[in-house]
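Residue-level structure breakdown
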Amino acid sequence: MDMLTEKQVWEWLGTIADPEVPVLSIIDLGIVREVQVQDDESVTISITPTYSGCPAMDVISMQIRLLLLGNGVKNIHIELILEPAWTTDWMSESGKAKLLAYGIAPPQRRSDTPLALFEEDTVPCPRCHSENTTLISRFGATSCKSMYRCNDCLEPFEHFKCH
Ligand SMILES: [Zn+2]
């Protein structure tokens, strides 16, 4: 058998969907910060929660354990890294494209700009790309999404908030 590599572990982790945004993998979201392979049976994974106290992290940790166990990794250490805090800047470009294809407007602004914590000025409609949209609710199905409505095609849509 080939030696277990970090690249292999990253590939496995790329198959785990985020529980809150199933169209994205935990790699797309940038939740996995580091993978260390000690030997063929021992791996340490460092993850940063998207939101502190997010119950999805328990689900994600369990999924990582099951996946690695299924691939013969017996000793799995999962470390939570809370600093620096996760930001939407860590979301991959392919992750943003997947969000858009799924009908969720991806974050537009980088979180390190002064206004990032406020709502973004213009969130284009993921369906018709109109910029004539209205914020309906700051909180959508989960705390990381807000609800908008397009004034042109009249469809409501979710926006993944800058964070
Ligand atoms: Zn529209």
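Please refer to the structure placed before this passage.
What you see as residue numbers is a count from 1 along each chain, following the sequence as written. Reporting in this predicted model follows two pLDDT cut-offs: at least 70 for local features of residues, and 80 or more for side-chain atom pairs to be given and counted; totals over whole chains, interfaces and linings ignore these cut-offs and use all residues. For the side-chain quantities, the full set of heavy atoms in the structure was used; hydrogens and water were omitted.

This next bit is on the nonpolar core. Core analysis: the largest hydrophobic core is formed by 28 residues, its most contacted members being Val9, Ile45, Ile64, Leu68 and Phe160. Mapped onto this core, the elements with two or more residues apiece are helix H1 (6-13), helix H2 (26-29), strand E1 (32-39), strand E2 (42-47), helix H3 (56-70) and strand E3 (75-80). Strands here are runs of E lasting at least two residues and helices are runs of H or I lasting at least four, both read from the DSSP assignment and numbered beginning at the N terminus. For this core, the element with the highest residue contribution is H3, accounting for four residues. Throughout the structure description, domain borders are defined by an automatic or database domain assignment. Among the domains, domain 1 (6-80) and domain 2 (104-160) are the pair contributing at least three residues each to this core. When residues no more than four places from it in sequence are discounted, the contact partners of Leu68 are Val9, Trp12, Val43, Ile45, Val73 and Ile76. Note on terminology: a nonpolar core comprises buried Ala, Val, Leu, Ile, Met, Phe, Trp, Tyr and Cys residues joined through side-chain atoms within 4.5 Å. Under the scheme applied here, a residue whose accessible area is under 20% of the maximum for its type counts as buried, over 50% as exposed, and between as partly exposed, the area being computed with a 1.4 Å probe on protein chains only. Val123, Cys125, Tyr148 and Phe157 belong to the second-largest nonpolar core, a separate cluster that totals six residues. Throughout, a residue-residue contact means that at least one pair of heavy atoms, one from each residue, lies within 4.5 Å.

Looking now at the coordination of the zinc ion. Distances from the zinc ion to its protein donors, namely Cys125 (SG), Cys128 (SG), Cys150 (SG) and Cys153 (SG), fall within the range 2.3 to 2.4 Å. Note that the zinc ion binds four donor atoms; their angles at the metal cover 104 to 120°, and the shape is tetrahedral. In the primary structure, the donors to the zinc ion are separated according to the pattern C-x2-C-x21-C-x2-C. Of this pair, Cys125 sits in the loop between strand E4 (104-105) and strand E5 (133-137) while Cys150 sits in strand E6 (residues 145-150); the two residues are 25 residues apart in sequence, bridging distant segments of the chain. Note on Cys150: relative accessible area 0%, which makes it buried. Donors, by definition, are the N, O and S atoms found within 2.8 Å of a metal, the threshold being 3.2 Å for Na, K and Ca, and water is not counted, so a site can look incomplete. Irregular is the label for any site that misses the other tests, which are tetrahedral for four donors with all angles between 85 and 135 degrees, and square planar for four donors or octahedral for six when opposite donors exceed 155 degrees and the remaining angles lie between 65 and 115.

Attention shifts here to the sheet that holds E2. Pairing between sheet strands relies on hydrogen bonds along the backbone, with the strands arranged either parallel or antiparallel. Read from one edge to the other, the open sheet built from three strands follows the order E1-E2-E3, with strand pairing classed as mixed. Of all strands in the sheet, those with a lone pairing partner are E1 and E3, marking the two edges. Between one strand axis and the next, the sheet turns through 15° on average, direction left out of account. Fitting a line to C-alpha atoms yields each axis, with helices limited to the stretch in contact; the angle taken between N-to-C directions then spans 0 to 180 degrees. Running at roughly 135° to E1, H1 makes contact with E1 and E2 of the sheet. Along the sheet, H3 makes contact with E2 and E3, crossing E3 at roughly 155°. Strands qualify as paired when DSSP identifies two bridges or more between them.

Any functional reading would require information that these geometric values do not contain.
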